[in-house]
Amino acid sequence: MSRTTRVPLLLTVLAVLTALFAAACGKEGSPPTKGPVQNRLPHYEVDRAFTLPDSPTWTRAKKRGYLRVGVKEDQPYLGERDPATGVYSGFDIEVARILGASLGFPADRVRFRTIASANRETALQNGQIDYYVGTYTINDNRKKLVGFAGPYYMAGQSLLVRKDEKHIRGPQDLDGRRVCSAAGSTPYQRIKEQFPKAVLVAYDTYSVCVDNLLTYQVDAVTTDDAILIGYAAKAPDELKVVGRPFSQEPYGIGVPRGDNALRYALDDALRAREENGDWKRAYEATLGQSGVPAPEPPPIDRYPAS
Ligand code: GLU
C-alpha cells in the first residue's frame, strides 16, 4: 500500500471511531437538555418598508444600521447566552427578534447586550440600548423612569428550594430563612416589604443565587416562576419550585421614556405577531420546551403618551 492511500484510510477509521464514540455518549452519557434548538427556531418576516421618523430611538438605530437590545444571559428558556459561541436564545430573545423584524431589522441586525435587573432603567435612559426584553415587569414606579410596550407574557413570583427542603412551601415560611433574589427586582422588593422576617440576600443575577442555593449558602431563591422553572429543569435532582405564584408580573418591553412613537409601534407589532401566530411559534420553540403549554398572551396595555 502506498503512503498516499494509507493516510486517507487511517483518517476514515478515525472518523468512524469518533462518530461511534459520539453516538455512544449521546445515548449513555449526559442526555441533551431540552431547550431552544438554534436551527429549528421560527423565521419572522421582516417589514422592510417600515419607517418611524417620529421615534428618535428608531431613527438612531436606522442610521447605525442595527438595533441594540438589552437582555438577560443566564435565564434558561428566556434569555440565555451560550458562553462558547456567544449566541443568545430563549423566549425573550425571540420576542426581541420578532419586534426587530417589525421595525425593519432582520435577525442579523439585532444585537444583544446583557443588562442585569438593577441596570435596566439607566441603560435605557442613557441610550446604551434601544429597547429591553428580559423578564421586565411593568409597574408604575418603573413607568416614571422608562416606557413599556406590551405586556407580552404574564409571570408570577415563586420560590425555588433544594429537593430535600420540607418546610418552605410559600413566602410565609421564610421567617429567619435566607432567601436570595436579584438586586433591583420586584421579587426582592416584595419580600423586603411584605415578608420582613426573611433574611434577604441580593446578587446581580439569579444564577448566582442558584449557585448559593446548591451550596447551602441560602435556603431559597425567589423570582418569577418562568425563570425558576428553567433552573429547576437544569438540575431536576437537586432543585424544585414550590407553592403557588404570589404576584402578577406582566412582562413588558422597556423603551426610553418619552419615545411614545416607538412604544406604540412595538404595541402594534406585538398585536400583529400574536395574531399571525409568530408569538406562539416563538413560545413553543423556547419557553414551551420547559413543558408548559402556550398560554393566551395578556392584553396589551396601550397607555397614554407620557
Ligand atoms: N420580573 C421581575 C422584575 O422585573 C423579576 C425578574 C427580573 O429581575 O428580571 O423585577
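Residues numbered from 1 in each chain as written. Predicted model: local features only at pLDDT ≥ 70, side-chain atom pairs only at ≥ 80, totals over all residues. Heavy atoms only, no water.

Caption draft 1: Looking closely at the site of the ligand. Of all residues adjacent to the ligand, which total 17 residues, the nearest are Ser 117, Thr 135, Thr 137, Tyr 206 and Asp 224. Arg 142 is positioned with one of its side-chain polar atoms (N or O) 2.9 Å from an oxygen atom of the ligand. At 2.9 Å from an oxygen atom of the ligand is found a main-chain nitrogen or oxygen belonging to Thr 186. Elements with a minimum of two residues in the shell around the ligand: α6 (186-194), β11 (220-224) and β13 (249-256). Split into classes, the residues belonging to the shell around the ligand amount to 5 nonpolar, 7 polar and 5 charged. (Near = heavy atom within 4 Å. Polar contact = N/O pair within 3.5 Å; in protein donor to acceptor, adjacent residues only side chain to side chain. Helix = DSSP H or I, 4+ residues; strand = E, 2+ residues; numbered from the N terminus. Nonpolar A, V, L, I, M, F, W, Y, C, P; charged D, E, K, R; others polar.)

Caption draft 2: Representation of the side chain of Arg 68 within the structure. Mapping Arg 68 onto the fold places it in strand β1 (residues 67-71). Polar contacts involving the side chain of Arg 68 include one to the main-chain carbonyl oxygen of Gln 128, which spans 3.2 Å. Dropping the residues within four chain positions of it, Arg 68 is found in contact with Arg 111, Arg 113, Gly 127, Gln 128, Ile 129, Asp 130 and Tyr 131. (Contact = heavy atoms within 4.5 Å.)

Caption draft 3: Representation of helix α2 (residues 56-64) within the structure. What α2 keeps buried is the set Thr 57, Trp 58 and Ala 61. In an axial view of α2, the angular spread of the buried residues amounts to 95 degrees, which keeps them on one side of the axis. The secondary structure elements touched by the buried residues of α2 are β1, β13 and α9 (260-275). At the C-terminal side of α2, Gly 65 shows a positive phi close to 100 degrees. (Buried < 20%, exposed > 50% of the residue type's maximum accessible area, 1.4 Å probe, protein only. Arc of directions from axis to C-beta.)

Caption draft 4: Representation of the nonpolar core. Among the nonpolar cores identified, the biggest contains 59 residues, and Phe 91, Leu 103, Tyr 131, Tyr 152 and Tyr 153 are the most heavily contacted of them. Per element, the largest residue contribution to this core is 7 residues, and it comes from helix α3 (residues 91-102). Discounting residues that sit within four places of it in the chain, Leu 103 has contacts with Phe 50, Trp 58, Leu 67, Tyr 131, Leu 262, Ala 265 and Leu 266. (Core = buried A, V, L, I, M, F, W, Y, C linked by side-chain atoms within 4.5 Å.)

Caption draft 5: Just the packing of aromatic side chains, in detail. Under the definition given, this model contains 13 aromatic pairs. On the basis of an interplanar angle of 75 degrees and a centroid distance of 5.4 Å, the ring pair of Tyr 132 and Tyr 136 is categorised as edge-to-face. With a relative accessible area of 0%, Tyr 132 lands in the buried category. Take Tyr 136: its relative accessible area is 0%, and that puts it in the buried class. Centroid distance Tyr 152 to Tyr 251: 6.2 Å. Interplanar angle 50 degrees. Geometry classified as tilted. Of the two residues, Tyr 152 is situated in strand β7 (residues 146-155) and Tyr 251 in strand β13; the sequence distance between them amounts to 99 residues. Tyr 251 carries the same exposure label as Tyr 152, and that label is buried. Directly above the aromatic system of Tyr 303 lies the positively charged group of Arg 263, at a separation of 3.6 Å from the ring centroid. (Phe/Tyr/Trp six-rings, centres within 6.5 Å; stacked < 30°, edge-to-face > 60°. Lys NZ or Arg CZ within 6 Å of the ring centre and 35° of its normal.)

Treat this as a map of the structure, not an account of what it does.
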